[in-house]
Amino acid sequence: MLGFSFTSGLVALFLLPPLAIFLKGLYNLFLHPLANKVPGPFWARFSGLPSWYYAYRGDRHIWLQGQFKTYGYRVRIEPNTVVFCDPQAYAAIYSMKANVRRGLFYEAYKRHANDTTTLTCIDVAAHARKRRYLNLCFTERSILAASRFVIDHVDRWIDIIASEEIQDADGWLHVINFSDRVDALIFDIMADLGFGKSFGIKEPGDNPFKNIPHNISVYMKFYYLMSRVPFLGLLLWFKPHGLDRLLDLIAPPAARQYNRFVHDSVTSRIALHREQEHNPEEERRQDMFYFLAEARDPKTGTIVYDENDLRAESNLLLIAGSDTTAISLSGIFFYLTGNPLKLNKLVEEIRTTFQSLDDIVYGQRLRSCTYLRACIDEGLRLAPSGPCELPREVLSGGIEIKGQFYPAGTIVGTAPWTNSRNAEAYGDPDVFRPERWIVDESAGVTKESVARARAAFHPFLSGPGNCIGKNLAMAEILITVARTLYQLDVRRAPESTLGGGSPELGWGKTDPNQFQLVDAYISLRKGPEVQFRRRRFDA
Ligand code: HEM
C-alpha cells in the first residue's frame, strides 16, 4: 500500500507540472479573454515560452517584426500580452492618462524584492512620488552643471583618439571599435556624475574597471531573462523566499562583479557627501549624486532618500544613463559612416555654425543645428536603446485601443524596433534619411509627413514613465557628435562589416546597412569599426 502511494506520489509529482502547463495552455487558447480576439502564433498563444526563448536568443525584436508581417498591427505575443505596431495604439498605451501601470516585468527585474527604484516601481501613485523627487536631479541648473563634466570627458576622449597611430598617407588613424570606445566615454561621464569620480576607463592602458561596461551588459541580460519568464507570478513569489539569494549566487561572475562595484562606489560617494556636509554649497561636489542625496520633500523639507534608496537610484541612473546613450551614439556613427554624403553635410553644418571648439557648448545654438538634430533623431529611430515592448498592465476598468476593448490584467505595449520600421509612418523605414525630419516641400518632405513620422517616434517614451534623463542624454549626444566632428574626420574602416547584418544571421538581420541589435531590455551591439583623422584646419 505504502509502495503504491509512494509510486503514485512520484508519478503525480512528475506528471502534475506538465499537466498543469497543458491545461493552462488549453485555457489560454480557448477560454482566455484574448482568445479569438487577437491573432498570434499558435505556440505564443499557448504559452509564454516562445517569447522567452527569443528573449534568450536576443532577437525577440526580429521575431516580433516577423509576426507583424504575418498578423497585422497587433499580435498576441504571449498568452496575456498584446504588442502593437501603430502610432494610435502607442498613444493609447503610453499617454499620461492611459489606464495602465508598469507590468510585473519591472518587479521581476529588481535584483532584490525591496530594491524599488523609480523605474521598477509599478504602483502608479508611488511612482509619481518617486519621480517627483528624482526630477530634482534633472533641473536646467543640474543639466548645465553636468554638461561641463560632459565637455571635459569628451575633449579628453577626442585627444586620446587623435593620438592613435597614423595608418596611411591620408592621415587616417588606427581602426577603432566605436562601441567599445563610446561605452568607455559614457561610463566615465556617468560614473563621474553619479558616483563622484571618473574611473578613467577611456584612458589607454590597463585599468581594473575597464570591463565594467561589459559587466553591465551581462547584468542586464541576466535580469532581463528573469523578467520575461512565462511564470512571472511564481517567480515573484519565490523572489523574497530565497530566489533572490540564489540568483545572487548563480549570477554570472561579471554581473556579481558589477554589483560589488556599484556597492563600493556608492559607499565611497556617501562618505564624501558626509565629509562635505558642512561645507558651503559651492564647495561641495555638485554631481548627480549630490542632487539626489540633497533631494527634499517640498512640503516637509526632509531628505527623501535613505541610504538604501540612494544605492538603488544611483545604480538605476548609471544603467539607465550609460548604455542607452552609448547605444544611441553607436547607432548615429554607424549610420553616418555608412552614408558619407549625409556625414559630409553634417560636418559642414557643424564646421560652419561654430567658429571655434569653445563655442560648442550646451545651449540654444547647439540645439538649433537642424541637420545635427535630424541625424540624431534618425540614429535614435534606427537604433533604439531598447528594441522590445515596455510592458504596461491594463488597470481595472480596461482600456480601449484602436476601437477594441482590453480587460484589466492584459499586458500591452509597442516595440521601438518595429515602430521604427513601420512603412506607413516612414515610407522607406530602412533608409537612413535625416531629411525626413526637416520640412522641405520642394524635396517632398511635407509638414504632414514629418508629423506622421513624429507620431511613430518616441525614443524617450512618453507619459508618466518617460525618460527623466532625456535632456541630459541629448546634451551628451549633441556635445559628443558636434565636438568630435568639429575636430576629427571620420569614416567606416575600409572593408569592415562589423555591426551590420549579413545573410548568415537569418531573416530580418541580413541587411549590411542596418545596425544589428541584441535584445537585453536595452540593446547590445558591436561596432561599427571606424577610423578618425585629425581635421586639417587650413583646408
Ligand atoms: C539616448 C539616451 C536615452 C534613451 C534613448 C533613454 C530612453 C528611456 C526610455 C525608453 C525609458 C522608459 C523605460 C521603461 O519604461 O522601461 C527611460 C526611462 C528612464 N531613463 Fe532614460 N534614456 C536615455 C538616457 C538616460 C539618461 C542619460 C538618464 C539619466 C542619467 C536616464 C534615466 C532614466 C530613468 C531614471 C528612467 C526611469 C523613469 C521613470 O521610471 O519615471 N535615461 N529612458
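In the nomenclature of an unreviewed UniProt entry, the protein chain corresponds to Benzoate 4-monooxygenase cytochrome P450 from the organism Xylaria bambusicola. According to its UniProt record, the protein chain has this under Cofactor (unreviewed entry): "heme".

1. So, the pairing of strand 2 (residues 81-84)
The alternating pattern of strand 2 places T81 and V83 and V82 and F84 on opposite faces, both of which are buried. Here strand 1 (residues 74-78) pairs with strand 2 via four bridges, running antiparallel. Looking at strand 2, one finds that R76 is bridged to V82. Remark: two residues form the turn of the hairpin made by strand 1 and strand 2, two consecutive strands paired antiparallel. Judged from the four bridges that link them, strand 2 and strand 8 (residues 411-414) form a sheet pairing that is parallel.

2. Some remarks on the sheet that holds strand 4 (residues 176-177)
Here three strands make up an open sheet; going across it, the order is 4-12-9 and the pairing antiparallel. The open sheet has two free edges, formed respectively by strand 4 and strand 9 (488-492), since each of these has just one partner strand. Two strands pair when backbone bridges link them, and strand 4 and strand 12 (residues 529-534) are joined in this way by two bridges, in the antiparallel orientation. Bridged to N177 within strand 12 is E529. Across the sheet, helix 22 (residues 470-487) touches strand 9 and strand 12, and the angle it forms with strand 9 is around 100°.

3. Here we look at helix 16 (residues 340-353)
With 14 residues, helix 16 extends 20 Å from end C-alpha to end C-alpha; this agrees with the ideal 20 Å at 1.5 Å per step. Along helix 16, the residues that are buried comprise L343, L346, V347, E349, I350 and R351. On its buried face, helix 16 is in contact with helix 15 (307-338), helix 18 (370-382), helix 22 and strand 9.

4. Structural notes on the nonpolar core
With 155 residues, the main nonpolar core has L372 and F532 as its most contacted residues. Per element, the largest residue contribution to this core is twelve residues, and it comes from helix 15. Beyond its immediate chain neighbours, meaning those up to four positions away, L372 contacts L346, E349, I350, L366, L478, V481 and A482.

5. Looking at the side chain of T117
Along the chain, T117 turns up in the loop between helix 6 (105-109) and helix 7 (124-135). When sequence neighbours within four positions are dropped, the list of residues in contact with T117 reads K130, A312, E313 and L316.

6. Some words on the coordination of the iron atom of the ligand
For a metal bound by four donors in a tetrahedral arrangement, the ideal donor-metal-donor angle is 109.5 degrees, while six donors in an octahedral arrangement ideally sit at 90 or 180 degrees. Among protein residues, the single donor to the iron atom of the ligand is C467 (SG), with a metal-donor distance of 2.3 Å. The topology assignment puts C467 in the loop between helix 21 (447-455) and helix 22.

7. Comments concerning the UniProt feature "binding site: heme" (unreviewed entry) in the protein chain
In this numbering, the UniProt entry assigns the feature "binding site: heme" (unreviewed entry) to C467. When near neighbours in sequence (up to four residues on either side) are disregarded, C467 contacts R131 and F460.

8. A few points about a nonpolar patch on the surface
On the surface, a cluster of nonpolar side chains totalling about 810 Å² of accessible area is made up of L16, L19, F22, L23, L26, Y27, F30 and L31. Relative to the assigned elements, L19 resides in helix 1 (residues 2-30). Owing to a relative accessible area of 44%, L19 belongs among the partly exposed residues under this scheme.

9. Focus on the site of the ligand
Surrounding the ligand, one finds 33 residues, the nearest of these being R102, Y106, R131, C467 and Y521. In the model, an oxygen atom of the ligand is placed 2.6 Å from a nitrogen or oxygen of the Y106 side chain. Counting only elements with at least two residues in the shell around the ligand, the list comes to helix 7, helix 15 and helix 22. Per-class residue counts for the shell around the ligand are 19 nonpolar, ten polar and four charged.

10. Here we look at the sheet that holds strand 8
Judged by pairing direction, the sheet is mixed, and its five strands sit side by side in the order 1-2-8-5-3 without closing on themselves. Each having just a single partner strand, strand 1 and strand 3 (100-102) make up the two edges of the open sheet. The mean inter-strand angle of the sheet, taken between neighbouring strand axes irrespective of direction, is 35°. Looking at chain direction, strand 3 and strand 5 (residues 392-394) are connected through three bridges and run antiparallel.

11. Quick word on the UniProt feature "transmembrane region" (unreviewed entry) in the protein chain
Under the local residue numbering, the UniProt record ascribes the feature "transmembrane region" (unreviewed entry) to residues 6-27. Taken end to end, residues 6-27 is 100% helix and 0% strand, and its first and last C-alpha atoms sit 31 Å apart.

12. Comments concerning the pattern of salt bridges
Within this structure, the stated rule accounts for 30 salt bridges. Among the ionic pairs, R525 bridges to D183, the shortest N-O distance being 2.9 Å. Of this pair, R525 sits in the loop between strand 11 (522-524) and strand 12 while D183 sits in helix 9 (residues 178-195), and the two are 342 residues apart along the sequence. One network of salt bridges, with partners in common, ties together E378, R381, D428, R433 and R436.

13. Comments concerning the packing of helix 16 against helix 18
Where helix 16 contacts helix 18, the axes come no closer than 8 Å and their chain directions differ by 140°. Considered as vectors, helix 16 and helix 18 are oriented oblique to each other. Here helix 16 and helix 18 pass one another in a crossing that is left-handed. Contact residues: K342, K345, L346, E349 and I350 in helix 16; T370, Y371, L372 and C375 in helix 18. Residue classes in the contact of helix 16 with helix 18 are distributed as five nonpolar, one polar and three charged.

What counts and how
- Residues numbered from 1 in each chain as written.
- Predicted model: local features only at pLDDT ≥ 70, side-chain atom pairs only at ≥ 80, totals over all residues.
- Heavy atoms only, no water.
- UniProt positions renumbered as here; feature names shortened; annotations may be inferred.
- Buried < 20%, exposed > 50% of the residue type's maximum accessible area, 1.4 Å probe, protein only.
- Helix = DSSP H or I, 4+ residues; strand = E, 2+ residues; numbered from the N terminus.
- Pairing = 2+ DSSP bridges.
- Contact = heavy atoms within 4.5 Å.
- Axes fitted to C-alpha atoms, helices over the stretch in contact; angles between N-to-C directions.
- Expected span 1.5 Å × (residues − 1).
- Core = buried A, V, L, I, M, F, W, Y, C linked by side-chain atoms within 4.5 Å.
- Donors = N, O, S within 2.8 Å, 3.2 Å for Na, K, Ca; no water.
- Patch = residues over 30% accessible without salt bridge, like charges linked within 9 Å, V, L, I, M, F, W, Y side chains within 5 Å.
- Areas by Shrake-Rupley, 256 points an atom, 1.4 Å probe, with all protein chains shown as cover.
- Salt bridge = Lys/Arg side-chain N within 4 Å of Asp/Glu carboxyl O.
- Near = heavy atom within 4 Å.
- Polar contact = N/O pair within 3.5 Å; in protein donor to acceptor, adjacent residues only side chain to side chain.
- Nonpolar A, V, L, I, M, F, W, Y, C, P; charged D, E, K, R; others polar.
- Parallel < 35°, antiparallel > 145°, perpendicular 65-115°, else oblique.
- Left-handed = near helix turned anticlockwise from the far one by under 90°.

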